[in-house]
Amino acid sequence: MQGVEYKPMNVATQIVAGVNYRYLCKARRIDESGKKGKRFYAAIVVYKPLAGQGEPRILSIEKQSR
């Protein structure tokens, strides 16, 4: 999500044909003027393929009800 500041707290990995990284983050929206909103938690999943198989990419960003 654009306009959101993320601060990773924990990470978990899953070996597949590459590696999935799941980051649990504290997040908060920041508007165009720089004003920060309420904090919330978000889970971000990043896939890193095997060497020579492409670039890492974000698979999902989901707001968490923690």
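Only a predicted model underlies this, so the values are computations on that prediction, with no experimental measurement involved. (Residues numbered from 1 in each chain as written. Predicted model: local features only at pLDDT ≥ 70, side-chain atom pairs only at ≥ 80, totals over all residues. Heavy atoms only, no water.)

Topic: the packing of aromatic side chains
- All chains considered together, the criterion is met by 1 aromatic pair.
- With a centroid separation of 6.4 Å and 20° between ring planes, the pair formed by Tyr-21 and Tyr-23 is classed as stacked.
- Classification of Tyr-21 by relative accessible area gives partly exposed; the value is 23%.
- On the basis of relative accessible area, Tyr-23 is assigned to the partly exposed category, the value being 27%.
- When the ring centre of Phe-40 is taken as reference, the NZ or CZ atom of Lys-63 above it lies at 5.1 Å. (Phe/Tyr/Trp six-rings, centres within 6.5 Å; stacked < 30°, edge-to-face > 60°. Buried < 20%, exposed > 50% of the residue type's maximum accessible area, 1.4 Å probe, protein only. Lys NZ or Arg CZ within 6 Å of the ring centre and 35° of its normal.)

Focus on the sheet that holds strand β4 (residues 57–64)
- One open sheet accounts for 4 strands, arranged β1-β2-β3-β4; its pairing is antiparallel. Where the open sheet ends on each side, the last strands, each with one partner, are β1 (4–16) and β4. Recorded for the sheet is a direction-independent mean angle of 20° between the axes of neighbouring strands.
- As defined by bridge partners, strand β2 (residues 18–30) adjoins strand β3 (residues 36–49) across 12 bridges and the pair is classed as antiparallel. The residue of β3 that forms the bridge with Leu-24 is Ala-43. (Pairing = 2+ DSSP bridges. Helix = DSSP H or I, 4+ residues; strand = E, 2+ residues; numbered from the N terminus. Axes fitted to C-alpha atoms, helices over the stretch in contact; angles between N-to-C directions.)

Describing the environment of Gly-37
- Checked against the element boundaries, Gly-37 lands in strand β3.
- Judged by relative accessible area, Gly-37 falls into the partly exposed class, the value being 33%.
- Here Gly-37 is in contact with Arg-28 and Arg-29, once residues within four sequence places are set aside. (Contact = heavy atoms within 4.5 Å.)

Overview of the environment of Lys-38
- The residue Lys-38 is located in strand β3 in this model.
- A relative accessible area of 76% places Lys-38 in the exposed class.
- For the pair formed by Lys-38 and Ala-27, sequence separation is 11 residues and the distance between their alpha carbons is 8.5 Å.
- Among residues more than four places away in sequence, those in contact with Lys-38 are Ala-27, Arg-28 and Arg-29.

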